[in-house]
Amino acid sequence: MKALVLCSGGIDSSTCLALAVDKYGKDNVVALSMSYGQKHKKEIESAEKICKYYGVELYKLDLHKIFQYSNCSLLETSTEDIPKETYAKQLEKTNSQPVSTYVPFRNGLFLSSAASFALSKDCEVIYYGAHSDDAAGNAYPDCSEEFNNAMNTAIYEGSGKKLRIEAPFLKENKAGVVKKGLELKVPYELTWSCYEGKDEPCLKCGTCIDRMKAFEINGTVDPILKKDNK
């Protein structure tokens, strides 16, 4: 069996890549990274580093024009700043509507595009890194279990029952993802999560806060913050 992994260069997708390589072997895994008009290229660069580490071929797809009319704060065309607070505080302000860094139906588009690509590469499964923290409070509705199940059905039926999707961390929180990654010895120092594209993570955006907390819960320090890795 061959697997395709959606790889953004962050913690979740890199851990998915490690899982797939561990299960299927690197020669049976390919990765796909998406450009969608994000404000920086750090995550693409990290995806390249992670895939090189695992010896997995990385393909890239540019989808930025689809999002050119969105004012999502994650996009380079946005007039909005990226919030510097926890997701919980952001959700209080949105009245439990998606947060400003939610890119409209991004995972739906990514998975649909990946399905066409995966079938062309004779893959039978697509891995992606959705987890329960992202879906909590409707912050990112395209990370929910309901969304995953619906997309899996659509892709499975639409591919002639040749392809399915798998989100191995769907019922795990961020700390659970990191726990599994530490067991697999994922080189987290090569990953990037911060929504800002500077030399160092901002440590203030929602994803930075969640990342630091996940490592703390696991009794360790995020390797990207260690001085010897800066």
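Keep in mind that what you see is a predicted model, and the values were worked out from it rather than measured. The residue numbering used here restarts from 1 in each chain and proceeds along that chain's sequence as written. It should be noted that, the model being predicted, local features are given only for residues of pLDDT at least 70 and side-chain atom pairs only at 80 or more, the latter also being counted only at that level, while totals for whole chains, interfaces and linings use all residues. Each side-chain value is derived from all of the structure's non-hydrogen atoms; neither hydrogens nor water enter the calculation.

We now examine the overall build of the chain. Each helix is a run of H or I in the DSSP string that is no shorter than four residues. Each strand is a run of E no shorter than two, and both are numbered from the N terminus. Tallying secondary structure elements over the chain gives eight helices and five strands in all. What you see in the chain, going N to C, is helices and strands ordered as β-α-β-α-β-α-α-β-α-α-β-α-α. The globule rule used for comparison is 2.2 Å times the number of residues to the exponent 0.38, while the radius of gyration itself is calculated over C-alpha atoms. Against the compact-globule benchmark of 17 Å for 230 residues, the chain has a radius of gyration of 17 Å, which places it among compact chains. Based on the C-alpha atoms only, the size of the chain along its principal axes is roughly 45 × 40 × 30 Å. Within the span of the chain, comprising 230 residues, buried residues form 50% of the whole. Within the chain, contacts between residues at least 6 apart in sequence are counted, and of these 75% link residues at least 24 apart. The Shrake-Rupley method, run with a 1.4 Å probe sphere, supplies the accessible areas, and residue values consider only the shown protein chains as cover. Put simply, the chain shows about 11,200 Å² of open surface, and 48% of that area lies on carbon and sulfur atoms. Note on exposure labels: buried denotes an accessible area under 20% of the residue type's maximum, exposed denotes more than 50%, and partly exposed covers the range between, all computed with a 1.4 Å probe on protein chains only. Any pair of residues with heavy atoms lying within 4.5 Å of one another is described as a contacting pair.

This next bit is on the layout of surface pockets. Where empty space is left can be seen by rolling a probe of water-molecule size over the atoms. Empty space within the largest pocket amounts to approximately 280 Å³. Residue lining of the largest pocket: 15 residues in total, with Tyr87, Ala88, Asp133, Asp210 and Lys213 positioned closest to the centre. Three classes are used, and their members are as follows: Ala, Val, Leu, Ile, Met, Phe, Trp, Tyr, Cys and Pro are nonpolar, Asp, Glu, Lys and Arg are charged, and the others, Gly among them, are polar. Its residues assigned to classes, the lining of the largest pocket comprises nine nonpolar, two polar and four charged. Here a cavity means grid points, on a 1 Å grid over the protein atoms only, where a 1.4 Å probe fits yet cannot get out; a pocket means an open set of points with protein on both sides within 12 Å along at least five of seven lines; lining residues are those with an atom within 4 Å of a point. Grid points are joined across faces, edges and corners, and a volume is the space filled by probe spheres set on the points.

What follows is about the sheet that holds strand β4 (residues 125-127). Whether two strands pair depends on DSSP finding at least two bridges between them. Strand order in the open sheet made by the five strands is β3-β2-β1-β4-β5, with parallel pairing throughout. Either end of the sheet is taken by a strand with one partner, and the two such strands are β3 (57-62) and β5 (164-166). Neighbour-to-neighbour, the strand axes of this sheet turn through a mean angle of 25°, independent of strand direction. Pairing between strand β1 (residues 3-6) and β4: three bridges, direction parallel. Its bridge partner lying in β4, Leu4 is registered against Ile126. Every axis in this analysis is a line fitted to C-alpha atoms, fitted for helices over the stretch in contact. Angles between the N-to-C directions lie between 0 and 180 degrees.

Right, let's get into the UniProt feature "binding site: ATP" (unreviewed entry) in the chain. UniProt positions are given in the numbering used here, feature names are shortened, and annotations may be inferred rather than shown by experiment. UniProt feature "binding site: ATP" (unreviewed entry): in the numbering of this structure it lies at Cys7, Ser8, Gly9, Gly10, Ile11, Asp12, Ser13, Ser14, Thr15, Cys16 and Leu17. Considered against the largest cavity, the annotated residues that line it turn out to be Cys7, Ser8, Gly10, Ile11, Asp12 and Ser13. Given the relative accessible area of 0%, Gly9 is considered buried. Apart from the residues within four sequence positions on either side, Gly9 is in contact with Ser14, Glu43, Ser46, Ala47, Thr191 and Trp192. Position of Asp12 relative to the elements: it lies in helix α1 (residues 11-24). Taking the relative accessible area as the measure of exposure, Asp12 reaches 12% and is therefore buried.

Put simply, two rings from Phe, Tyr or Trp (the six-membered ring, in Trp's case) pair if the centres are within 6.5 Å, and we call them stacked under 30 degrees between planes, edge-to-face over 60, tilted for the rest. For the structure on display, the rule yields eight aromatic pairs. Centre to centre, the rings of Phe105 and Phe147 are 5.8 Å apart; their planes meet at 85°, and the pair counts as edge-to-face. You can see Phe105 sitting in the loop between α3 (87-94) and α4 (106-120) and its partner Phe147 sitting in helix α6 (residues 145-158), a full 42 residues away along the chain. Overall, the relative accessible area of 44% leaves Phe105 in the partly exposed class. Accessibility expressed as a relative area gives 12% for Phe147, which makes it buried. A ring pair is formed by Tyr188 and Phe215, whose centres lie 5.5 Å apart and whose planes are at 85°; its orientation type is edge-to-face. One end of the pair, Tyr188, is in the loop between α7 (174-183) and α8 (206-217); the other, Phe215, is in helix α8, with 27 residues separating them in the sequence. Given a relative accessible area of 1%, Tyr188 falls into the buried group. Exposure remark for Phe215: the relative accessible area of 1% places this residue in the buried category.

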